[in-house]
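Each chain, letter by letter, is given below.
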Amino acid sequence: MSEAIVHTHDDAHHHDDHHGPEKGFKRWLFTTNHKDIGTLYLTFSLIMLFIGGIMALIIRVELFEPGKVIVNPEFFNQMTTMHGLIMVFGVIMPAMAGLANWMIPMMIGAPDMALPRLNNWSFWLLPFAFTMLMSTQLMSGPAPDFGWTFYAPLSTLYGPKSTDFFIFSIHMMGASSIMAALNIVVTIFNMRAPGMTWFKLPMFVWSWLVTAFLLLAVMPVLAGCVTMMLMDRHFHTSFFNAAGGGDPLLFQHVFWFFGHPEVYILILPGFGVMSEIIPTFARKTLFGYHAMVYATVLIAIVGFLVWMHHMFTTGAPYSAQLYFMYATMLVAVPTGIKVFNWVATLFKGSITFETPMLFALGFLVMFTIGGFSGLMLSLVPADYQYRDSYFVVAHFHYVLVSGSLFTIIAAVYFWLPKWTGRMYSERLGHLHFWLSVIGMNLAFLPMHFLGLAGMPRRIPDYPLQYTDFNQWCTVGAFIFGFAQLIFLYIIIKSCFSKSKPDVSDRVWEDAKGLEWTIPSPAPYHTFETAPIIK
Amino acid sequence: MHYIGRISLFVCLILFAIAGFATPGINMPVGVSPISKQIYDLHMACFWICCVIGTLTFGVLFYSLFKFRKSKGAKAAHFHQHIGIEILWTVIPFLILVGLAIPATIVLKKIHNTDESALTVKVTGYQWKWKYEYLDQGVSFFSTLATNQDQINNKTPKNEWFLLEVDKPMVIPVKTKVKILVTADDVIHAWWVPELGVKQDGIPGFINENWIYAEHPGIYRGQCGELCGMNHGFMPIVVEAVSQEDFKQWVQNHQSASAVDNTNSYKTFTREELVTLGKVEYEKSCAMCHQNTGEGVPPTFPALKRSRVVTGPATANIKFVSQGVPGTAMQAFGDQLDDKTLAVIITYTRQAWGNDKLTEKHKQSIVVQPIDVKNARLSKK
Amino acid sequence: MASNKQIKSNKRLIIFLVCGVFFMFGFCYMLVPFYEFVCKKEGINGKGANSAALKASDMKVDTTRTIKVEFTTTIHGSLGFKFIPLQRHITVHPGETKLIYFFAENTTGHEITVQAVPSITPMDAARFLKKTQCFCFTQQFFFKNQKADMPVYFFIDPSVPKEIKEVTLSYTLFDASGFPKKDKQAKFTSGRINL
């Protein structure tokens, strides 16, 4: 191995790479190794999943029956707000970043990310951000209680004192995402192994490349939005206050200009994972690779142009509503292309049903159902009935839970043997899958009907007619919640088991890609010499 | 076996979904307005199209999962692209979308056309109630949740229209196009009545318009459709559609110069009368925030029990309630309630929950008469 | 690990991307005037009319049709003001200038500066309602207990689409104490008749 005199940024490993990582907490605090940082992101995300999940269960207990059950309306609003913020910014985004950190360097044959120290800082911002956010629960006065969408003037003029802590924590989360995205773009552009041209790039890498550009484009807009909020609250500006010449609707425009691309940020890396898993377990090359790449890019671009579909009932002019309706419906086309390509990959394949594949198939069915409710929501007149009702809650949980979360879980099952060198129990994995699917559908399918029947969202208490379906939802939520404990057990067992690692390099029979050419568990440093791709 | 599990689960989902849509009261209501009917038709059309696309897609998917299992000896084919089929499944969905967009455009145009309304009602959202003003008829009133706190706190059984009942509904004549102007006083609210097919945001500082039309007489209920603070779930909407004659009569009964009717300002009442009436009015207008127990939800909604203001000088107490506290949820109730109602509420609070002992200890009077309220309003700071 | 060439290439890309990030942050703030611009241009909510509109010298009154203009007022929050339109609605020909009045009385118990914010519906008609004089163009200062009649001169541009038959002009009155303008408060009594 040619050991040219190279300058390594990795302080803890300035000798040669035959020493392992440092021991103890210092390893984790100061690591610049992409595998360690990936592990940190994923562990953080898992912890936040349970915290956000407990909040969801509190919500569902309160909604088990009409009348007050366990919490008062003020606290309930805090739970819905924090649950949303934690799941979006504390679970899905860090988990996707964790997968990116672990896999992208290995998939492109790079030794590490382009900016390893920045990588460390990107992660460590998150625990600080979330400590600040969650500490608002302990402050006197309410924690943020205005929904994860924090519309003005509810959050500016009428927001509690903790709102300012919320703003600062959003800034930190945003900075973390921006730095991570920067790192990913530079890594993918500049550190691909020789011969890995753009159209040889694995789909997961493509999808993260597009996502990283989206992050770089819209996280600063979110930062601007919350800064304007801070200025309105404390510096007598009136961006969102009609009294001083401002406009509450401006808030919604700025927020959703960030908010809509944000939902594509939450799903696109998951699409990439699906494009890795489905061909592997169908033992057939992904159908329509080029179309998939173009569809991903098209989804990202069109995603910038549809934000006002969150604002159809605000009193927009007719022409604006028409344009945004047409543009929103248009997004269904590239998304549909992706679904059809996945199905075509399965068609005439040779399929087995290991746990990653189960979650991928669950995603395929249920994300598509979520897509259908999205199509219904795009029709403006119908949206007048759906908006701010449980129909919307059903839609976004189908695309985020059985969409994003399932892709993350599938990815973990898929790559866990590579990370730890041990195979998990397929029996337990299957149990996790079936309980999750049953719980998830029981929890969220009835919500479509609740919304259609007229139940608004973000209410702690409801008229008697909605009782039965709400009770099903609560039961389903608990089943889903407890199913994740199986997942926790599987992960802990895989990571900490005393048994000898016994998994091959390739792990899965038809796995293709550079990451399957290295040993399992993956050595601390990989691809220190770049492979040549033919 | 996986595929059996999958297929049965999927079939169950479909059956449940169809059952759900077929069950009255659980699907979107057809409603009583031409617009609500058209929205319903659009919604069902989209739903069926999605069912067809879903059946086709999932059909191919499940067929593949069944037929091409490795365990049954399937060998993978090698094709991995086909430009023709990519074009096909781009163009066909696009055409389906165009097919959906056309009726949606037409219905939307109708919604935007508020011409030829015979009646205009201005709807203002407040934290946490609605105000209805019939601008041409001079009728103006607040509409508050009528469900008692005791039902919400599970102390008494819940009645049929729990959380969907108000003290004063909005009354409209049947078969009449009614234009509604929607705005808000504090934060963004939304006026939503599913059976009338209408949802319109009320934004402070702005005015939006929409229209409603009831084919049949009846009572149509809805809820606020935009998170507006703690009691977002407790500000329902009730619209009562009555015959033209009944509507005329109702207008005559409710006409007055302002929302507040001060004909009782010069009457005096005994302490017992004030307290009895006051308890009812307090639980209607104040208990949502300050609770039936007077303990409030501190610090957002202070406790009235043992409160300095409530057990202190009467004039200051009256001013507090009447003028509100700008920048907080404590509204200027002097604009919403008449002298007598304020008097009974204030008297009630000054002696409830043990406050009577404190008020007496502070050497302040418990009893507040309507005339005291009137005088306090007229005297300035 | 990284060669010099790669570090240089990294640096260039990083600088480019970081500039992009700062640009997007600035873009967010640019959205504010951009939003104002689009609203003014399209006349959404009647924006663009917070200063006197100019009447074209050759503007003709369209006597073939009339438009009903309704007026309504809202008082924001617990502001102690009486503020009502003195006429509920009027009928105008497009192109015809009309004068209407609003009555305001300060019942807060102290002097105060207020701002009236106009809003027009339907959106498609909003940009055609033009005011040549309005109390909403400036903040208004009121002494304790002061009353005033506040006139508005307006016309509806004759190019208003034929479908428009009704327009509503609404004012919301806000307490403007939090947004003091640089000039002395007492100057802001223009455009009204003190009673």
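What counts and what doesn't
- Residues numbered from 1 in each chain as written.
- Chains lettered and ligands numbered in written order.
- Predicted model: local features only at pLDDT ≥ 70, side-chain atom pairs only at ≥ 80, totals over all residues.
- Helix = DSSP H or I, 4+ residues; strand = E, 2+ residues; numbered from the N terminus.
- Buried ≥ 20, exposed ≤ 12 C-beta atoms within 10 Å, placed from the backbone.
- Domains from an automatic or database assignment.
- Contact = placed C-beta atoms within 7 Å.
- Nonpolar A, V, L, I, M, F, W, Y, C, P; charged D, E, K, R; others polar.
- Expected span 1.5 Å × (residues − 1).
- Axes fitted to C-alpha atoms, helices over the stretch in contact; angles between N-to-C directions.
- Parallel < 35°, antiparallel > 145°, perpendicular 65-115°, else oblique.
- Left-handed = near helix turned anticlockwise from the far one by under 90°.
- Core = buried A, V, L, I, M, F, W, Y, C linked by C-beta atoms within 7 Å.
- Pairing = 2+ DSSP bridges.
- Bend = angle between axes of the 7 residues up to and from the residue.

Focus on the overall build of chain A
Logical step 1: In terms of regular secondary structure, chain A is built from 14 helices and zero strands.
Logical step 2: Taking all 534 residues of chain A together, the buried fraction comes to 64%.

Digging into the domain arrangement of chain B
Residues and elements named next belong to chain B.
Logical step 1: In terms of domains, chain B is made up of domain 1 (2-68 + 81-112), domain 2 (119-254) and domain 3 (271-378).
Logical step 2: Placing the centre of domain 1 and that of domain 2 at their C-alpha centroids yields a distance of 33 Å.
Logical step 3: Contacts between the two partners involve nine residues from domain 1, matched on the other side by 11 residues from domain 2.
Logical step 4: Taken together, the residues of the side of domain 1 that touches domain 2 sort by class into six nonpolar, three polar and no charged.

Some points on helix 13 (residues 426-453) of chain A
Logical step 1: Taking 1.5 Å per residue, 28 residues should reach 40 Å; helix 13 of chain A reaches 41 Å between its end C-alpha atoms and fits that length.
Logical step 2: Of the residues flanking the end of helix 13 of chain A, it is A:Gly454, one or two places downstream, whose phi is positive at about 115°.

Remarks on the interface of chain B and chain A
Logical step 1: On the chain A side, the residues contacting the 88 residues of chain B number 83 residues.
Logical step 2: Taken together, the elements giving at least two residues each to the side of chain B that touches chain A come down to helix 1 (2-22), helix 2 (34-67), helix 3 (83-112), helix 4 (149-152), strand 7 (198-202) and strand 9 (218-224) of chain B.
Logical step 3: For the side of chain B that touches chain A, the element with the highest residue contribution is helix 3 of chain B, accounting for 15 residues.
Logical step 4: The residue makeup of the side of chain B that touches chain A, split by class, is 47 nonpolar, 30 polar and 11 charged.

Topic: the interface of chain A and chain C
Logical step 1: Between chain A and chain C, the residue contacts involve 29 residues of the former and 28 residues of the latter.
Logical step 2: Those elements that place two or more of their residues in the side of chain A that touches chain C are helix 5 (163-190), helix 6 (203-234) and helix 7 (248-282) of chain A.
Logical step 3: When residues of the side of chain A that touches chain C are assigned to their parent elements, the largest contribution, seven residues, is made by helix 6 of chain A.
Logical step 4: Tallied by class, the residues present in the side of chain A that touches chain C amount to 21 nonpolar, seven polar and one charged.

Describing the environment of A:Ile184
Residue and element names in this part refer to chain A.
Logical step 1: Of note, isoleucine 184 is situated in helix 5.
Logical step 2: Isoleucine 184 sits in the buried class, given 27 other C-beta atoms within 10 Å.
Logical step 3: For the pair isoleucine 184 and tryptophan 415, spaced 231 residues apart in sequence, the C-alpha to C-alpha distance is 19 Å.
Logical step 4: In contact with isoleucine 184, other than residues within four places in its own chain, are Ala100, Ile104, Trp208 and Ala212.

Some points on the packing of helix 9 (residues 318-346) of chain A against helix 10 (residues 355-378) of chain A
Describing two packed helices takes the angle between their axes plus the distance from one axis to the other.
All names here are of chain A.
Logical step 1: Running from N to C, helix 9 and helix 10 point in directions that differ by 165°, and their axes come no closer than 10 Å. The orientation of helix 9 with respect to helix 10, classified from their angle, is roughly antiparallel. Relative to helix 10, the crossing made by helix 9 is left-handed. Within the contact between the two elements, helix 9 uses Met325, Thr328, Met329, Ala332, Thr335, Val339 and Trp342 and helix 10 uses Leu364, Thr368, Gly371, Leu375 and Ser378.
Logical step 2: Its residues placed into classes, the contact of helix 9 with helix 10 shows seven nonpolar, five polar and no charged.

Brief notes about the nonpolar core
Logical step 1: A:Ile92, A:Cys225, A:Leu346, A:Ala360 and A:Ala410 are the most contacted members of the largest nonpolar core, which totals 294 residues.
Logical step 2: Excluding its chain neighbours within four sequence positions, the residues that come into contact with A:Ile92 are A:Met87, A:Leu266, A:Leu400, A:Ser404 and A:Leu405.
Logical step 3: One finds C:Val114, C:Ala126, C:Val167 and C:Phe174 within the second-largest nonpolar core, a separate group that totals 37 residues.

Side note on the pairing of strand 3 (residues 139-143) of chain B
In summary, the side chains of a regular strand alternate between the two faces of the sheet.
Residues and elements named next belong to chain B.
Logical step 1: Bridging between strand 2 (residues 129-134) and strand 3 involves five bridges; their strand directions are antiparallel. Residue tyrosine 132 lies in a different strand from strand 3, and its bridge partner there is phenylalanine 141.
Logical step 2: Between strand 2 and strand 3, which pair antiparallel and follow one another directly, the connecting turn spans four residues, one of which, glycine 138, has a positive phi of 70°.

Regarding the sheet that holds strand 7 (residues 140-142) of chain C
Residue and element names in this part refer to chain C.
Logical step 1: Read across the open sheet, the five strands follow the order 3-1-9-5-7; overall the sheet is mixed. Strand pairing shows two members of the sheet lacking a second neighbour, strand 3 (89-92) and strand 7, which therefore form its edges. Between one strand and the next, the sheet's axes are offset by a mean angle of 30°, whatever the strand orientation.

Some thoughts on unusual backbone geometry
Logical step 1: Following A:Ala152, the chain continues to A:Pro153 via a peptide bond in cis, the omega torsion being -5°.
Logical step 2: Note that A:Pro153 resides in the loop between helix 4 (116-135) and helix 5.
Logical step 3: For the peptide bond that leads from A:Ser520 to A:Pro521, omega is 0°, which places it in the cis range.
Logical step 4: Its location among the elements puts A:Pro521 in the segment after helix 14 (467-496).
Logical step 5: Despite not being glycine, B:Asn154 has its phi angle at roughly 65°, a positive value.
Logical step 6: Relative to the elements of secondary structure, B:Asn154 occurs in the loop between helix 4 and strand 4 (170-173).
Logical step 7: Despite not being glycine, B:Arg306 shows a phi value in the positive range, around 65°.

Remarks on helix 6 of chain A
Residue and element names in this part refer to chain A.
Logical step 1: Helix length check: helix 6 (32 residues) gives 46 Å between terminal C-alpha atoms against 46 Å at 1.5 Å per residue, within 8%.
Logical step 2: Its axis deflected by about 25° at leucine 216, helix 6 carries its strongest bend there, up to four residues before the proline proline 220.
Logical step 3: Helix 6 sits mainly inside the fold: 27 of its 32 residues count as buried.
Logical step 4: Phi turns positive, to about 55°, at histidine 236, one or two residues after helix 6.

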